[in-house]
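# Structural characterization, general
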Amino acid sequence: MTEIKLTVNGTARSDEVEPRLLLVHYLRENLGLRAANVGCDTTSCGACTVLLDGESVKSCTVLAVQANGRSVTTAEGLVAEDGTMSAVQQAFREHHGLQCGFCTPGMVMASTSLLAENPHPTEQEVREGLEGNFCRCTGYHNIVRAVLAAADKLSGGSAPAEPEVTA
Amino acid sequence: MSMRGSILGTRVLRTEDPGFLSTGGVYAEDVQDERLAGACYVHFVRSTVAHAKISGIDVSAALEAPGVLAVYTARDLADAGLKPLPPMMPNMNQAMKQPLLAGDVVRFVGEPVAAVVTEEMYQGEDAIELVDVDYDILPAVATMHQALSGERGLVFADAGTNVVCTFGDASASSPDLFDGCEVVVSEVIQNQRVAPAPMESRSGAAAWGEDGRLTAWIPNQGAQGTKGAITGMLGLKPEDVRIITPDVGGAFGAKFGADTEHAVLCWVARQLGRPARWSETRNENLLVMPHGRAQEQKITIGGTKDGTVLAYRIEITQDCGAYPKAGAFLPSLTRLMTPGPYHIPRAESWSTSVVTNTTPVGAYRGAGRPEAAAAVDRAIDLFADAAGVDPADVRRKNLLPKFTEPHTTAFGAKYDSGDYATALEKALAAADYPGLLAEQAKRRASGDPLQLGIGLSSYVEITGPGGEAGGPNENGTVEVHPDGTATVLTGTSPHGQGHQTVWAMLVSEELGIPIEKITVKWGDTDLVPKGGGTGGSRSLQLGGAAVQQASRELLDVARERAAAALEAAPADLVFDTETSAFSVKGDPDVSVPLSSLAESERLFVRSVFTAPGPTFPFGSHVAVVEVDTETGKVFLRRVVTVDDAGTVMNPLLAEGQRHGGIAQGAAQAFLEEVVYDDDGNPLTATFADYPFLSATEVPSFELVDMETPTSYNPLGAKGIGEAGSIGATPAVQNAVIDAVSHLGVTHIDMPTSPQRVWRAIVAASGSKEA
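Values in this document were obtained by computation on a predicted structure and should not be read as measured data.

### Topic: the overall build of chain A
Each helix and strand in chain A was counted, giving five helices and five strands. Secondary structure elements of chain A, listed N to C terminal, follow the sequence β-β-α-β-β-β-α-α-α-α. In terms of overall dimensions, chain A is globule-like: its C-alpha atoms have a radius of gyration of 16 Å, near the 15 Å expected for 167 residues. Oriented by its inertia axes, the alpha-carbon framework of chain A measures out at about 55 × 30 × 25 Å.

### Quick notes on the pairing of strand β24 (residues 587–593) of chain B
Residue and element names in this part refer to chain B. Taken together, the four bridges between strand β23 (residues 581–584) and β24 define a ladder with antiparallel strand orientation. Across the sheet, V584 pairs through a bridge with D587, a residue of β24. Between β23 and β24, which pair antiparallel one after the other, the connecting turn spans two residues, and G586 there sits at a positive phi close to 80 degrees.

### What to know about the packing of helix α2 (residues 87–94) of chain A against helix α5 (residues 141–154) of chain A
Residue and element names in this part refer to chain A. Two numbers describe how α2 lies on α5: the axes approach to 8 Å, and their chain directions differ by 135 degrees. Here α2 lies oblique to α5, going by the angle between them. For α2 against α5, the interelement crossing comes out right-handed. Each of A87, V88, A91, F92 and E94 in α2 lies in contact with α5, whose residues at this interface are A146, A149, A150, K153 and L154. Across the contact of α2 with α5, the residue classes break down as eight nonpolar, no polar and two charged.

### Remarks on the sheet that holds strand β9 (residues 203–208) of chain B
Residue and element names in this part refer to chain B. Within the open sheet, the seven strands sit side by side as β3-β5-β1-β12-β9-β10-β11. Their pairing is mixed. With one partner strand each, in any of the chains shown, β3 (68–73) and β11 (241–244) form the two edges of the open sheet. Recorded for the sheet is a direction-independent mean angle of 20 degrees between the axes of neighbouring strands. Relative to strand β5 (residues 112–118), strand β1 (residues 40–46) runs antiparallel, the two sharing six bridges. Paired with V45 across the two strands is A114, which belongs to β5. Lying over the sheet, helix α7 (residues 260–272) contacts β1, β3, β5, β9, β10 (214–217) and β12 (276–279), oriented at roughly 30 degrees with respect to β9.

### Some thoughts on the interface of chain A and chain B
A common way to report how large an interface is uses the accessible area buried once the components associate. Residue-level contacts link 46 residues of chain A with 48 residues of chain B. Residue assignment for the side of chain A that touches chain B shows that the elements contributing at least two residues are α2, α3 (104–117), α4 (123–129) and α5 of chain A. In terms of residues, the side of chain A that touches chain B owes the most to one element, α2 of chain A, which gives four residues. Its residues placed into classes, the side of chain A that touches chain B shows 22 nonpolar, 14 polar and ten charged.

### Regarding the sheet that holds strand β6 (residues 132–137) of chain B
Consider a sheet: its strands pair through backbone hydrogen bonds, and that pairing is either parallel or antiparallel. Residues and elements named next belong to chain B. Read across the open sheet, the three strands follow the order β4-β2-β6; overall the sheet is antiparallel. Only two strands of the sheet have a single partner each, and these edge strands are β4 (105–106) and β6. Alignment of strand β2 (residues 52–58) against β4, held across two bridges, turns out to be antiparallel. Paired with A52 across the strands is V106, a residue of β4.

### Quick look at unusual backbone geometry
All names here are of chain B. Cis geometry is adopted by the peptide bond preceding P751, which originates at M750 and carries an omega value of -10 degrees. Inspection of the secondary structure puts P751 in the loop between α17 (723–740) and α18 (754–764). In this structure, D432 takes a positive phi of about 60 degrees despite not being glycine. Mapped onto the fold, D432 is located in the loop between α12 (420–431) and α13 (433–446). Of the residues examined, D432 has 15 C-beta atoms within 10 Å and is grouped as partly exposed.

### Here we look at the packing of helix α16 (residues 651–670) of chain B against α17 of chain B
Residues and elements named next belong to chain B. At a minimum axis distance of 7 Å, the contact between α16 and α17 shows a crossing angle of 40 degrees. By the angle between their axes, α16 is oblique relative to α17. Handedness of the crossing formed by α16 with α17: right-handed. Within the contact between the two elements, α16 uses Q657, R658, H659, G660, G661, I662, Q664, G665, A666, Q668, A669 and F670 and α17 uses A723, G724, S725, I726, G727, A728, T729, V732, Q733 and V736. Residues of the contact of α16 with α17, tallied by class, amount to nine nonpolar, twelve polar and one charged.

### Some words on the nonpolar core
Residue and element names in this part refer to chain B. The biggest cluster of nonpolar side chains holds 302 residues, and the ones touching the most others in it are A114, V116, F383, V507, A666, V732 and V736. No other element matches helix α10 (residues 369–387), which puts eleven residues into this core. Not counting residues up to four positions away in its chain, the partners in contact with V732 are G455, A623, V625, L636, A666, A669 and F670.

### Focus: the environment of A67 of chain A
Residue and element names in this part refer to chain A. In this fold, A67 is placed in the loop between β4 (55–58) and β5 (71–73). With 25 C-beta atoms packed within 10 Å, A67 lands in the buried category. Linking A67 and S14, residues 53 residues apart in sequence, is a C-alpha distance of 11 Å. Leave out the neighbours within four places in its chain, and A67 touches I4, L6, L23, L52, V62 and V72.

Rules and cut-offs
Residues numbered from 1 in each chain as written. Chains lettered and ligands numbered in written order. Predicted model: local features only at pLDDT ≥ 70, side-chain atom pairs only at ≥ 80, totals over all residues. Helix = DSSP H or I, 4+ residues; strand = E, 2+ residues; numbered from the N terminus. Rg over C-alpha atoms; globule rule 2.2 N^0.38 Å. Pairing = 2+ DSSP bridges. Axes fitted to C-alpha atoms, helices over the stretch in contact; angles between N-to-C directions. Parallel < 35°, antiparallel > 145°, perpendicular 65-115°, else oblique. Left-handed = near helix turned anticlockwise from the far one by under 90°. Contact = placed C-beta atoms within 7 Å. Nonpolar A, V, L, I, M, F, W, Y, C, P; charged D, E, K, R; others polar. Buried ≥ 20, exposed ≤ 12 C-beta atoms within 10 Å, placed from the backbone. Core = buried A, V, L, I, M, F, W, Y, C linked by C-beta atoms within 7 Å.

Here it is as structure tokens:
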């Protein structure tokens, strides 16, 4: 067992873990933070995406010990203490960017990271930014709408409006 | 009477979303329940070969491994009296039985051979590697052709054949079918095997109570059907089983009932006297969860040179995989929908379902109907190409004219209502078909390496089919509580569709209770003993209609109570949905709130809605692709769709269903395929190998509204869940072929991969490189 010290959603944690324990299982089983899901075993689907020091990572391919001394944010951590969801989370709801919900926490984290890096993405940039996050329900259409809307909202509505494609 | 506008038909945001977005859904793996405290973990040892006799299984090393509690094999199950399962329908070869764990023979890569039970999750992954299985390799029946020819022997030695069942009668085929046809075209086409691949793989948790009852949390599409499957596999009494449906991370037809692993999980929990959990890996999911489609079709179409279709034949071979499941039955649905939306004077079809040493095939979004739509719309384009008539004109000429009274086809389908030509014209107009043709002509003239392809489809499909006697039906229960809240119980089972929101909208509309105060429950067999679940696009038209009906009947019960309370005749009362209260006609001050009528006695109604028959949504899709003629790569640029599923309750959610269906249908056309090598080894068993559609491979979709209500339910609703996947596949495939048709290409099988497209181009140009 190895001792790790890290910050998860703003709270300092200290735990003894198996060296091979995956970060996603540490979050889910040790801390009970079960928003991140395991959707594959080849780092392809992104359902387990969390932020590590503010950047999106697939937590099924990060060992818990690799998060030692670092800061982890999960979908649970995007919600304010008063229960208010982040702009990205709200946009996903407003634009019906989720159906079964399984990819959603990972998709939200990837989108959050994407907008941090590129606050004014084009539709194509959103699609490329989310290429590593699979969704089987939405056909990505409303996920893209949600991320563009969140970008617009976060930048105070200053971004040029995307042409509305849907009739 | 209320003055407020109807909530129905409006874009109400989903009430279920905040949980999914913040703490995440509670899927089977996430369930925390005291009954599951101290659960052990089950992992399966799976066959690494497609076909072999098992000559020995040595579990001794695994039993020594850290944390291992037990290892079970087929022998243990047999000792416990558990028997292999016969195929689901009597017309299927009954010798083709599926064991819960493989005994003497393994029949596909991934088939469970042993169950290893450990204290901790990771220990099981280690221990399964220590189970030593000796295989005496048998020839693998890797393809349908090998199954039919018998060249690789039999999948089931004692079945005497690889044929599971047939539908239709090939011997009754008319030799005159294509008489009088000036143009006859025939093609053997593949409706290839694809993986449903819901984002949540299969999973489960099981616990036995001291009362001898099993409680199992299993992701499913209908807890009642899952209960039936579990009781059947384990020989349990129905009253001893409770199935609870957690949040379900997508299903697409592949989570109906229960799988053998679920049964073993429940059995293990009883053997060890402690709760047990099981979650498969994605690799296991792609190896074992039933695949979809997997048909080879020989299509022949004939007609006159002006583009009039006179005759059509489809001969179907269905790959069932190693064990006959729903896949064996799919061709009967394909046959039912043979002519699609077209008026074809003479048509015939028959099918043969065969077993192979591959993953079993089951239902996948559309289940049998996409195969019919893909075949007939491919046939129409082949015919248009041969006749030299524009594919849009061929469709205009041959679509059934608008009808409002049911139209019964030669294959026994009773289409409830349809206006196929209008759907086509709307789609063509929205896509600017003339403009696309002009752009295509320009690129062809200039020899642009990036050619434009335009593909059309016109489809009709069957939704909300029957199952129980007396016509398609579903139950719904509505209860109003004294505190002004309401509870709905439904026999449907959402896994992304948003029933919590829409069922609440239906109740709110009738009872004037805000949707935030309405709780919708499903998927607990103790709470909702009966129900058909969610699949076949049945939920709104049956389950939603039942909830509406129950709400109205509840109001009748409440009216009697209100009359007593207000000392008035029931007929003199009016119900105001604005205030959710009854009042005396002409005297609004004398009123009683609905909720108060639940104070002295529970106020609830359970109602069963029965439809006169299934409904037949329809539509037209226009797909636009660019094809790089130098590499064969396909770029999907536009998908314009008209999907008429009758009256829409919540456009936001209906559009979402269409988006998802379109993407899955398109993915089959140009991307996704499950592939086996000649020895039956799967080559696409991870997400690194299976080309799962990503966000960069599809455009935003262009949806056109059209609503032709059905008279089969008071909502006017047909099913929307599968429409997108039915229309998009042939449209995209036709578009790819259209992009290179001027080079002499008439057909390219799905998925239209760069390799296939490039080879088709080269072959058509007569080069020897292909």
